[in-house]
Amino acid sequence: MLKKCFPNCSVTDVSSGKAALEALDNQIFDMVLMDVVMPDMDGPTATQAIRKNLAASACHVPVMAITANTHPLDRERYLAAGMNDVIHKPLDISDMASRISAALSQREREVG
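Quick summary incoming for the structure in this document. (Residues numbered from 1 in each chain as written. Predicted model: local features only at pLDDT ≥ 70, side-chain atom pairs only at ≥ 80, totals over all residues. Heavy atoms only, no water.)

**Re the side chain of Thr 67**
Note on placement: Thr 67 falls in strand 2 (residues 63-67). Leave out the neighbours within four places in its chain, and Thr 67 touches Val 36, Tyr 78, Val 86, Ile 87, His 88 and Lys 89. (Helix = DSSP H or I, 4+ residues; strand = E, 2+ residues; numbered from the N terminus. Contact = heavy atoms within 4.5 Å.)

**Quick look at helix 6 (residues 93-111)**
The terminal C-alpha atoms of helix 6, which comprises 19 residues, lie 27 Å apart, in line with the 27 Å expected from a rise of 1.5 Å per residue. The complete set of buried residues in helix 6 reads Met 96, Ala 97, Ile 100 and Ala 103. Projected down its long axis, helix 6 shows its buried positions confined to an angular sector of 135°, all on one face. When the buried face of helix 6 is taken as reference, the exposed residues oriented beyond 90 degrees from it are Ser 94 and Arg 109. (Expected span 1.5 Å × (residues − 1). Buried < 20%, exposed > 50% of the residue type's maximum accessible area, 1.4 Å probe, protein only. Arc of directions from axis to C-beta.)

**Describing the layout of surface pockets**
Volume-wise, the largest pocket comes out at about 850 Å³. Looking at the lining of the largest pocket, the elements with two or more residues in it are helix 2 (17-26), strand 1 (32-35) and helix 6. The element contributing the most residues to the lining of the largest pocket is strand 1, with four residues. Looking at the lining of the largest pocket, its residues break down into 18 nonpolar, four polar and three charged. (1 Å grid on protein atoms, 1.4 Å probe; cavity = no way out; pocket = protein on both sides within 12 Å on 5 of 7 lines; lining within 4 Å. Points joined across faces, edges and corners; volume = space filled by probe spheres on them. Nonpolar A, V, L, I, M, F, W, Y, C, P; charged D, E, K, R; others polar.)

In structure tokens, the structure reads:
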């Protein structure tokens, strides 16, 4: 899906929250699409660790929650954990592309 929307993107896939933290500690990424439910560490906990424990190059990366949880209180919890936005499952490709583009544009303005 990402390659369809962003043909020049490079995608790194990891299977857990801990693996995401390790990847972010070793490589620079433009964006993190974080599943909320994962083995060993959920998405909000992993995002809090990104924001608090990683170097400056990683701790400010945009993090988008990917979840089937649509309750407004869930959204508030994800944003409070440091996620920038929430993309709901089932994924709508145009909505996903729009939210990712907006987050990347915002990040560019902040860094730029």
